[in-house]
Amino acid sequence: MNLTDISSKRILDFKSNANSLINANDKGYLSDNYKEFLDYYAKISSEDNCVQVLTDDVSLPYLLRKPSCTQFYNPALILSGWNEKKFIDQIYKSKPSFILYSSPINILLDKNNMPNVNLFINNNYHFFNDFKGWKIYKKK
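Residues numbered from 1 in each chain as written. Predicted model: local features only at pLDDT ≥ 70, side-chain atom pairs only at ≥ 80, totals over all residues. Heavy atoms only, no water.

Visitor: Could you give an account of the pattern of salt bridges, naming the residues involved and the relevant values?
Guide: This model, assessed by the stated rule, comprises four salt bridges. A salt bridge links Lys132 to Glu36; its shortest N-O distance comes to 2.3 Å. Here Lys132, found in the loop between strand S2 (125–131) and strand S3 (134–139), pairs with Glu36, found in helix H3 (residues 32–44); they are 96 residues apart in sequence, far enough to count as distant. Residue classification places Glu36 among the partly exposed positions, given a relative accessible area of 36%. (Salt bridge = Lys/Arg side-chain N within 4 Å of Asp/Glu carboxyl O. Helix = DSSP H or I, 4+ residues; strand = E, 2+ residues; numbered from the N terminus. Buried < 20%, exposed > 50% of the residue type's maximum accessible area, 1.4 Å probe, protein only.)

See the structure below:
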């Protein structure tokens, strides 16, 4: 088979491959530890209507099929003196029982960039559990 035959076959198989990818089970792409965490977090936060993360682990709302509790699904965009108040107002209104405070997936996030948010979280939430490196806070 030459290169042209291979390329033609790939083009003809695209629709089938795309459908397989679209319909694939999300958990098939996750590590066992992440699957365990996801199941655990889904169980404890089952009463919450939304998900809020304060880590770079931004896939959690998608994987739990819940919206972010704030417009800040990526908390790296929360900046001191710029939009912290907006985040605090939104989290106050959405009232999630649980917040993912830290996780093994931290690349860019520095909580020193959001001191007022950190103060709000510490005043309104308390440490609940460290599930294999995912630190979860619970509303007081």
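Visitor: So what's going on with the nonpolar core? Which residues, and what values?
Guide: One finds Phe37, Tyr41, Leu60, Leu100 and Ile136 to be the most contacted residues of the largest nonpolar core, which totals 17 residues. Elements that contribute at least two residues to this core include exactly H3, helix H4 (60–64), strand S1 (98–102) and S3. Among the elements that take part in this core, H3 stands out by supplying six residues, more than any other. Not counting the four nearest positions on each side in its chain, Leu100 is found in contact with Phe37, Tyr41, Gln52, Val53, Leu54, Thr55, Asp57, Leu60, Trp134, Lys135 and Ile136. (Core = buried A, V, L, I, M, F, W, Y, C linked by side-chain atoms within 4.5 Å. Contact = heavy atoms within 4.5 Å.)

Visitor: Can you explain the environment of Lys111? Please cite residues and give values.
Guide: Relative to the helices and strands, Lys111 is located in the loop between S1 and helix H6 (115–124). By relative accessible area, Lys111 is classed as buried at 15%. Expressed as a C-alpha distance, the spacing of Lys111 and Ala76, which sit 35 residues apart in the sequence, is 8.5 Å. When residues no more than four places from it in sequence are discounted, the contact partners of Lys111 are Leu54, Tyr101, Ser102 and Asn118.

Visitor: So what's going on with the state of the cysteines? Which residues, and what values?
Guide: Counting across every chain of the model gives one disulfide. Sulfur-sulfur distance for the disulfide between Cys50 and Cys69 comes to 2.0 Å. What sets the handedness of the Cys50 and Cys69 disulfide is the S-S torsion sign, and at about 95 degrees it is right-handed. Linking Cys50 in the loop between H3 and H4 with Cys69 in the loop between H4 and helix H5 (84–94), this pair joins segments that are 19 residues apart in sequence. (Disulfide = S-S within 2.5 Å.)

Visitor: Give me H5: which residues, what numbers.
Guide: Side chains three or four residues apart in an α-helix point the same way, a direct result of the helix having 3.6 residues per turn. Of all the positions in H5, only Glu84, Phe87, Ile88 and Ile91 are classed as buried. The arc that holds the buried residues of H5, viewed along the axis, is 95 degrees, so those residues lie on one side. Residues of H5 that are exposed and point over 90 degrees away from its buried face: Lys85 and Lys93. Buried residues along H5 sit in contact with S1 and H6. (Arc of directions from axis to C-beta.)

Visitor: An account of the packing of aromatic side chains is requested, with residue identities and associated values reported.
Guide: To describe a pair of aromatic rings, one takes the distance between the centres and the angle between the planes. Throughout the structure, instances matching the rule amount to 10 aromatic pairs. Here Tyr101 and Tyr137 contribute two aromatic rings whose centre-to-centre distance is 4.3 Å and whose plane-to-plane angle is 20 degrees, an arrangement assigned as stacked. Within this pair, whereas Tyr101 is found in strand S1, its partner Tyr137 is found in strand S3, the two being separated by 36 residues in sequence. On the accessibility criterion, Tyr137 (12% relative accessible area) is buried. The aromatic ring of Tyr62 is capped on one face by Arg65, whose charged end is 4.7 Å from the ring centroid. Just above the ring of Tyr92 sits the side chain of Lys95; from NZ or CZ to the centre is 5.7 Å. (Phe/Tyr/Trp six-rings, centres within 6.5 Å; stacked < 30°, edge-to-face > 60°. Lys NZ or Arg CZ within 6 Å of the ring centre and 35° of its normal.)

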